[in-house]
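Given next are the chains, with one letter for each unit.
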Amino acid sequence: MKDEQIRTQIHQAVDAHAEHLRTDPFLAQRIMNQERTGETVVKKRLSVGLVLAIVLMLLMATALAAGIIFAKRVPATEIADQALLQTYGITARMQSLFIRTTAEGEDGTTIVTYEGREHLAYVLGKYTVIVDGQTVKNISWSHDREDTSGGLEASAWGKDQLDEILRIDPETGKQAQLYTFNPYIERINREHGFDYEAYLEEDEDGYVVVLEGEDVQKAKERQAFSAHEFVQIAKEAVGVRYHLTSQQISLMSIDVDENSAYVLLDGTLCYRCWIIVGELSTEETEQDGAYTVYLNLETGAVEDIQFLSERGGGNG
Amino acid sequence: MIAEQGPSCNAEETFSRLVAEYQKSLLHMCAMMLRDDAAAEDAMQETFVKAWRALPQFRRECSEKSWLMRIAMNTCRDMTRTAWFRHTDRRVTPEELQLPAQEEASREEDRVELAQAIMKLPRKYRDALLLYYYQDMNQEEVAQALNISPSTVSKRLKHARDKLRTLLERRREI
């Protein structure tokens, strides 16, 4: 194709893409006037605090429109996720290497913690975000005072090391298997006296307890919605909380029998289902992965949603 | 003519002409670079504010257009580095690139595909491609705007065309 043909096509494509944008016939005059008077002409971006408040309001407004009830911890985790990204650079994809839990603080705050998964518990440490209403009251990392320089040799791994672990090889389009980093992790655990087996035993009282046998029968007696209804609520809730497109929502997949369970989530009786995003899509997105949705068995309220990125920690 | 002493009547005329001449194409180009309408409007305005402030220092060492485009490129680049920009989701979905009018649908679909492919190009290729093909600048001017050599511009344009072709072919296969 000749240069002129390419030029014409690119002009048409760019102009068509942006044709809805309006120019300002008085822009030059406004700039000159306002520069003389010292006023600001360029719209300023919203502050992060305001953005977080808007995120919360949008979530609640959309949820109301969809008829979904979110427990307090759901918007709190969205605010905490944003704060974690802004303060420490931890993305949703990186979060797949952490276990996120929430707890209610004595002063009515929501305490959201992200702790390194399994044998990564020490090296990744624990992030704690305290959310008070629509604002972040405090955010900290258990390794805040540690030196994270030195790549994978550092004794605490932050954003840089997570970037390295999750890096996609441009040639293969894949990321390295997590176990290939085990020699580093084991050495760090050893040097800091972190015993994974002992840690597992300490962690017995889990945030999520899967019910079995008679407990399941008892739970079913209190179930106010059918499995199908729970799945529908879960799909809508994931769409609202993670801002998915209508196409992504329409392509969600789920296997009710395989993946559903009756659980206690931090003491609340819930129906758990897994929603898969991206499996049926032709294009990969950052939102592809498994969403675990916990629905209050008696009220149908969304108690929590956890996201495991397909391109995150699910690589063995 | 560009004013050489602080903003003056002459500078006002020059500036008004620059805004009138380049506002639309700058806005469209920023939209392609930032994939966000509000950010594109901000970047376009910010570019002109910077241009107005820098006008007295402009010495015509490069063309007026190269000078303005360099400011725009730097402005867009700075915006993409802000925390706000980094954690706003601006992936482009087919829904956002609406397909209008049925009779035009096929041609329009091609334009949408091409716009999407351009936005997916790595930044260095996209910058060169937009300046050369969309802003109708020659390779020398593009080189001045991007502060690189003309031979690098030539290489980047070739890569950009190759990558565009690959992206479009892949989409069609799907």
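Cut-offs applied
- Residues numbered from 1 in each chain as written.
- Chains lettered and ligands numbered in written order.
- Predicted model: local features only at pLDDT ≥ 70, side-chain atom pairs only at ≥ 80, totals over all residues.
- Helix = DSSP H or I, 4+ residues; strand = E, 2+ residues; numbered from the N terminus.
- Buried ≥ 20, exposed ≤ 12 C-beta atoms within 10 Å, placed from the backbone.
- Contact = placed C-beta atoms within 7 Å.
- Pairing = 2+ DSSP bridges.
- Axes fitted to C-alpha atoms, helices over the stretch in contact; angles between N-to-C directions.
- Core = buried A, V, L, I, M, F, W, Y, C linked by C-beta atoms within 7 Å.
- pLDDT = per-residue confidence, 0-100.

Chemist: Would you take a moment to explain the overall build of chain A for this structure?
Modeler: Of regular secondary structure, chain A possesses 13 helices and nine strands. For chain A, the residues scored as buried account for 32% of the 316 residues in total. Here the contacts in chain A between residues at least 6 apart in sequence split such that 58% fall between residues at least 24 apart.

Chemist: Before we go on, may I ask you to explain the overall build of chain B in this structure?
Modeler: Summing up its helical and strand segments, chain B has eight helices and zero strands in all. Scored against the burial criterion, the 174 residues of chain B give a buried share of 40%. Long-range contacts, defined as pairs at least 24 residues apart, comprise 64% of the intrachain contacts of chain B with a sequence gap of at least 6.

Chemist: What should I look at first to understand the sheet that holds strand β2 (residues 110–116) of chain A in this one?
Modeler: The pairing of strands in a sheet comes from backbone hydrogen bonds and takes either a parallel or an antiparallel form. Residues and elements named next belong to chain A. The strand order across the open sheet formed by four strands is β1-β2-β3-β4, and the pairing between neighbours is antiparallel. What marks the edges here is a single partner per strand, and that holds for β1 (98–104) and β4 (135–141). Here the average twist between neighbouring strands, direction ignored, is 15°. Summarising the sheet, β2 and strand β3 (residues 126–132) pair through six bridges and their orientation is antiparallel. Bridge pairing in β3 links Glu115 to Lys126.

Chemist: How do you make sense of unusual backbone geometry when you look at a structure like this?
Modeler: Located in the positive-phi region is Glu118 of chain A, a residue other than glycine, with phi close to 45°. If you trace the backbone, Glu118 of chain A turns up in the loop between β2 and α6 (121–124). Glu118 of chain A gets classed as partly exposed once you count the C-beta atoms within 10 Å, which come to 14. A positive phi angle, near 55°, is found at Asp136 of chain B, a position not held by glycine. With respect to the secondary-structure elements, Asp136 of chain B resides in the loop between α6 (123–134) and α7 (139–146). What makes Asp136 of chain B exposed here is the crowd of 12 C-beta atoms within 10 Å.

Chemist: Is there a simple way to explain the pairing of strand β9 (residues 302–309) of chain A in this structure?
Modeler: Consecutive side chains of a regular strand alternate in pointing toward one face of the sheet and then the other. Residues and elements named next belong to chain A. Burial within β9 is extensive, with six of its eight residues counted as buried. Where strand β8 (residues 289–296) lies against β9, seven bridges are found, and the strand directions are antiparallel. When the bridges of β9 are listed, Leu295 appears paired with Val302. Between β8 and the antiparallel strand that follows it, β9, lie five residues; Gly300 among them carries a positive phi value of about 80°.

Chemist: When you look at the sheet that holds strand β7 (residues 268–277) of chain A in this model, what are you seeing that I'm missing?
Modeler: Residues and elements named next belong to chain A. With antiparallel pairing, five strands are arranged side by side in an open sheet as β5-β6-β7-β8-β9. A single partner strand is all that each edge strand has here, and the edge strands are β5 (208–210) and β9. Across this sheet, the average inter-strand angle for adjacent strands is 35°, counted without regard to direction.

Chemist: Even after reading the chapter, I still don't get the nonpolar core, so can you show me in this structure?
Modeler: One recurring pattern in soluble globular proteins: nonpolar side chains tend to sit buried together. Core analysis: the biggest nonpolar cluster contains 58 residues, and Cys30, Leu34, Ala43, Ala72, Ile118, Ala128 and Leu129 of chain B have the highest contact counts within it. For this core, the element with the most residues is helix α1 (residues 9–34) of chain B, which contributes 13 residues. Apart from the residues lying within four places of it in its own chain, the contact partners of Ala72 of chain B are Leu26, Met29, Cys30, Ala43 and Thr47 of chain B. Within the second largest apolar cluster, 31 residues are counted, among which are Cys273, Ile275, Val277 and Val302 of chain A.

Chemist: Whenever I open this one, the pairing of β7 of chain A confuses me. Can you help?
Modeler: Residues and elements named next belong to chain A. For β7, a buried count of seven out of ten residues is recorded, marking the element as mostly surrounded by other parts of the structure. Both strand β6 (residues 261–265) and β7 contribute to a ladder of five bridges, which runs antiparallel. Across the sheet, Ala261 pairs through a bridge with Arg272, a residue of β7. Taking the residues that link successive antiparallel strands as the turn, the β6-β7 hairpin has two residues, and the phi of Asp266 there is positive, at about 50°. Examined bridge by bridge, β7 and β8 share eight bridges and lie antiparallel to one another. Along β8, the bridge assignment pairs Ile276 with Ala290.

Chemist: Please clarify how the confidence of the model for chain B should be interpreted in this entry.
Modeler: Detailed reading of the predicted model is not advised wherever pLDDT is low. Residue and element names in this part refer to chain B. Chain-level pLDDT for chain B is 80 on average; 77% of the residues reach the 70-or-more range. Across chain B, the element-wise mean pLDDT spans from 49 in helix α4 (residues 83–86) up to 93 in α6. In the model, residues 1–6 has pLDDT below 50 throughout and makes 15 contacts with residues more than four positions away in sequence or in other chains. Counted against residues more than four places away or in other chains, residues 86–101, with its pLDDT under 50, gives 27 contacts. Reported confidences for the modelled complex are a pTM of 0.50 and an ipTM of 0.83.

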